[in-house]
Amino acid sequence: LWDAGFQLSFLATTGLVFAARPIAAVLSGGVSRLGLLRTLFSRLAAGFIVDGISISLAATAYTLPLMAYDFQQISLVSPAANLLAVPSLPPIIAGAALVASLGLFSPRCFPPPLFETN
């Protein structure tokens, strides 16, 4: 419980559970007031962007006080870095799941190492 990594993970998850949806509602309300979202693609793209921003802001807002207390510094670049990282995670996770399932069910695709240590 006293580990900083556990505390940061707990706070980030708490932020995602309790704050991401309200932040997304506020942001999507602002985007819809602009009146630019007439096509389905633009609505989907705006939703994807709003979700990424709300996830990043919620996790950052909930972990910022603990980071400032534990490390006596805060990163001003972390929200922008999270905005770049969030869209790349689903394809990475899907690819890792595919490779893991291939490795489990098809040993010919991934043979054992040439040099085994006994």
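Scroll up a little and you will see the structure.
Calculation notes
Residues numbered from 1 in each chain as written. Predicted model: local features only at pLDDT ≥ 70, side-chain atom pairs only at ≥ 80, totals over all residues. Heavy atoms only, no water. Helix = DSSP H or I, 4+ residues; strand = E, 2+ residues; numbered from the N terminus. Contact = heavy atoms within 4.5 Å. Buried < 20%, exposed > 50% of the residue type's maximum accessible area, 1.4 Å probe, protein only. 1 Å grid on protein atoms, 1.4 Å probe; cavity = no way out; pocket = protein on both sides within 12 Å on 5 of 7 lines; lining within 4 Å. Points joined across faces, edges and corners; volume = space filled by probe spheres on them. Nonpolar A, V, L, I, M, F, W, Y, C, P; charged D, E, K, R; others polar.

Undergrad: Would you explain the overall build of the protein in this entry?
TA: Check the secondary structure of the protein and you find five helices and zero strands. Secondary structure elements of the protein, listed N to C terminal, follow the sequence α-α-α-α-α. Pairs at least 24 residues apart make up 68% of the contacts formed inside the protein by residues separated by at least 6 positions.

Undergrad: What am I meant to see in unusual backbone geometry here?
TA: Glycine aside, residues mostly have negative phi, and peptide bonds are mostly found in the trans state. If you check the backbone angles, Gln 72 has positive phi at about 55° while not being a glycine. Relative to the assigned elements, Gln 72 resides in the loop between helix H3 (40-71) and helix H4 (78-85).

Undergrad: Would you explain the environment of Ala 59 in this entry?
TA: Mapping Ala 59 onto the fold places it in helix H3. A residue is classified by how much of its surface remains accessible, and Ala 59, at 17% relative accessible area, is buried. Separated by 44 residues in sequence, Ala 59 and Gly 15 place their C-alpha atoms 5.2 Å apart. Not counting residues within four places of it along the chain, the set of residues in contact with Ala 59 comprises Ala 12 and Leu 16.

Undergrad: Looking at this structure, how should I read the layout of surface pockets?
TA: In this structure, the largest pocket encloses a volume near 180 Å³. What lines the largest pocket is a set of 13 residues, and nearest its centre among them are Ile 55, Ala 85, Val 86, Pro 87 and Leu 89. Among the elements of the structure, H3, H4 and helix H5 (89-105) are those that each provide at least two residues to the lining of the largest pocket. It is H3 that provides the largest number of residues to the lining of the largest pocket, a total of six residues. In terms of residue class, the lining of the largest pocket is made up of nine nonpolar, three polar and one charged.

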